[in-house]
Amino acid sequence: MKPALIATTLISILALVACGEKSAPPPSSPTVEVVSVAQKDVPIYMEWIGSLDGEVNAVIRPQVTGYLIKQNYREGDLVKKGQPLFEIDPRTFEAAVAEAKGQVAKQVAQYETTRANLARIKPLAAVNAVSQKDLDDATGSNLAAKAQLDAAEASLQTAKLNLSFTKITSPVTGIAGIAKAQIGDLLSPSMATELTTVSTVDPIKVYFNISEREYLKIANAALAAGSKPERVPLELFLVDGSLYPHLGKVAVLNRQVDTTTGTFKVAALFPNPNNLLRPGQYGKVRATMSVDKGAMLVPQRAVTEIQGKYLVAVVGADNKVDIRPVTVGERVGTEWIITKGLQPGEQVIAERGVIHGRLMSVPAQLSTEKHTHGATGAHAHTHTRIRDH
């Protein structure tokens with residue numbers, strides 16, 4: 001009984017092992033993506049992040065001391081040059097003007113008296129009817145009265161000017177900011193904060209920084225084209241990714257490199273007829289430097305960099321992988337321009353880590369997809385999924 005039981009157990013174990021070996025599924029083959037090398041004309045551009053600011057930012061401050069009694073504009077609206085923004089209580093300044101007018105009238109009367117006195121003495125002095133001292137005193141009194149009259153008129157002008165300062169107007173046409181003072185506040189020229197700021201926004205300035213290398217590249221490209229760097233047209237992309245419809249131009253290039261950052265500060269001007277752009281916004285500035293005719297492009301993920309060398313896995317006619325060194329050019333969006341090492345229409349594997357010489361096959365059931373890229377490199381690539389055996 002025992003030998004028979006042992007034999008039966010061994011047979012059962014062997015049968016289970018055999019069934020397990022037959023039921024184990026074969027390892028699945030990894031898939032790779034093949035992309036056709038495309039050839040087309042590609043614009044080469046440079047991009048920077050810029051901040052928007054008003055062309056003129058007029059800081060509004062009071063020029064006299066007094067209580068704020070009125071605000072004459074709506075915050076955030078467009079105001080015209082000379083439009084009243086705030087009013088300070090004018091009563092004290094109106095009284096000063098009235099007092100200055102009285103002083104002028106007093107000095108006019110005194111001046112007229114001394115002038116008439118001098119007119120009487122001059123003929124008498126000519127016939128020695130009065131002494132020379134009397135003539136000198138009359139002349140001096142007349143000159144002093146004239147000087148006092150001039151001083152009184154200057155004081156009147158100052159009083160009138162201070163009275164005009166009680167109406168605070170905008171020096172430019174632009175967008176007025178939020179007021180930082182309230183009705184009833186005591187204002188003075190020495191106050192720490194401004195009343196508001198008015199910014200001219202048409203055109204609007206965009207500030208960005210460019211490196212020395214970028215500056216030399218732009219300058220050399222412009223000189224080669226027979227123009228100036230300031231005439232390179234600029235595009236502006238807003239934070240939502242949309243392209244601003246108006247082109248800009250360089251308005252200011254700082255005279256020197258910032259030693260702390262190693263960059264030039266550049267200011268560009270963009271038309272802003274609808275006041276869409278406001279100070280404080282950010283955008284991406286793009287300058288198209290040239291157009292690369294007949295450039296060959298592959299996805300950046302298809303290029304492998306090893307110790308300064310760039311490699312691409314090319315699928316040959318025999319479906320074998322050839323790891324080929326290439327020379328790369330500019331990056332265009334998610335793609336790379338290949339200047340040497342590939343031919344148009346060749347198939348490259350859009351993945352890394354493929355072994356040189358491995359045989360590739362294209363299963364019949366797999367389909368080919370077409371993908372059209374955006375404006376940064378508009379062309380169609382053929383993407384085919386193949387299996388690595």
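Provided above is the structure to which this section pertains.
The present account deals with the structure reproduced in this document. Small disclaimer: the values here were computed from a predicted structure and weren't measured.

Next up on the list: the packing of aromatic side chains. Aromatic rings in a pair are described by how distant their centres are and how their planes are angled relative to each other. Within this structure, the stated rule accounts for five aromatic pairs. Judged by centre distance (5.6 Å) and plane angle (85°), the rings of Tyr-73 and Phe-86 are edge-to-face. One end of the pair, Tyr-73, is in the loop between strand S3 (66-71) and strand S4 (78-79); the other, Phe-86, is in strand S5 (residues 84-88), with 13 residues separating them in the sequence. Take Tyr-73 and Phe-86: they sit in the same class, and that class is buried. We note Arg-286 situated over the ring of Tyr-45; from NZ or CZ to the ring centre the distance is 3.9 Å. Taking NZ or CZ as reference, Arg-331 lies 3.9 Å from the ring centre of Trp-336, over its face.

Think of it this way: side chains of opposite charge can pair up when their charged atoms draw near. Tallied over the full model, the rule gives 13 salt bridges. Between Lys-167 and Glu-87 there is a salt bridge; the shortest N-O distance is 3.6 Å. Of this pair, Lys-167 sits in strand S6 (residues 167-169) while Glu-87 is found in strand S5, placing the two residues 80 residues apart along the sequence. Residue Lys-167 is classed as partly exposed on the basis of its relative accessible area of 47%. With its nearest N and O atoms 2.6 Å apart, the salt bridge here joins Glu-112 to Arg-115. Of this pair, Glu-112 and Arg-115 are both found in helix H2 (residues 91-126), three residues apart, which corresponds to roughly one turn of the helix.

Strand order in the open sheet made by the four strands is S6-S5-S3-S8, with antiparallel pairing throughout. Strands at the two margins of the open sheet, each flanked by one partner only, are S6 and strand S8 (186-187). Summarising the sheet, S3 and S5 pair through three bridges and their orientation is antiparallel. Its bridge partner lying in S5, Leu-68 is registered against Ile-88.

This part takes up the nonpolar core. General note: in soluble globular proteins, nonpolar side chains tend to be found buried as a group. Core analysis: the largest hydrophobic core is formed by 24 residues, its most contacted members being Trp-48, Phe-208, Leu-234, Leu-236, Phe-270, Leu-277 and Val-285. Elements supplying a minimum of two residues to this core: strand S2 (38-60), strand S9 (196-211), strand S10 (234-238), strand S12 (263-270) and strand S13 (282-299). Here this core gets five residues from one element, more than from any other, and that element is S9. Discounting chain neighbours no more than four positions away, the residues touching Leu-236 are Ser-242, Leu-243, Tyr-244, Phe-270, Leu-277, Gly-283, Lys-284 and Val-285. Val-64, Ala-179, Ala-181 and Met-191 belong to the second largest nonpolar core, which has 19 residues in total.

Structurally, Lys-146 is set in helix H3 (residues 132-164). For the pair Lys-146 and Gln-110, spaced 36 residues apart in sequence, the C-alpha separation works out to 8.6 Å. Polar contacts involving the side chain of Lys-146 include one to the side chain of Asp-150, which spans 2.9 Å.

Definitions and limits used
All chains use their own residue numbering, which begins from 1 and follows the written sequence. Reporting in this predicted model follows two pLDDT cut-offs: at least 70 for local features of residues, and 80 or more for side-chain atom pairs to be given and counted; totals over whole chains, interfaces and linings ignore these cut-offs and use all residues. Where side-chain values are given, they derive from all heavy atoms of the structure, hydrogens and water being excluded. Stacked, tilted and edge-to-face are the three classes assigned to paired rings of Phe, Tyr and Trp, where Trp is represented by its six-membered ring and a pair needs centres within 6.5 Å; plane angles under 30 degrees give stacked, over 60 edge-to-face, the rest tilted. Numbering of helices and strands runs from the N terminus, with a helix taken as a DSSP run of H or I at least four residues long and a strand as a DSSP run of E at least two residues long. Burial status follows relative accessibility: with a 1.4 Å probe on protein chains alone, a residue under 20% of its type maximum counts as buried, one over 50% as exposed, and anything between as partly exposed. Look at NZ for Lys and CZ for Arg. If either is within 6 Å of the ring centre and within 35 degrees of the ring normal, a charge sits over the ring. By definition here, a salt bridge exists when the distance from a side-chain nitrogen of Lys or Arg to a carboxyl oxygen of Asp or Glu is within 4 Å. Any two strands with at least two DSSP bridges between them are considered paired. Put simply, a nonpolar core is a bunch of buried Ala, Val, Leu, Ile, Met, Phe, Trp, Tyr and Cys residues held in one set by side-chain atoms that sit within 4.5 Å of each other. The contact criterion used throughout is that any non-hydrogen atoms of two residues lie within 4.5 Å. Polar contact is defined as a pair of N or O atoms within 3.5 Å, subject to the rule that within protein one atom must be able to donate a hydrogen and the other to accept it, and that residues adjacent in sequence are counted only when both atoms are side-chain atoms.

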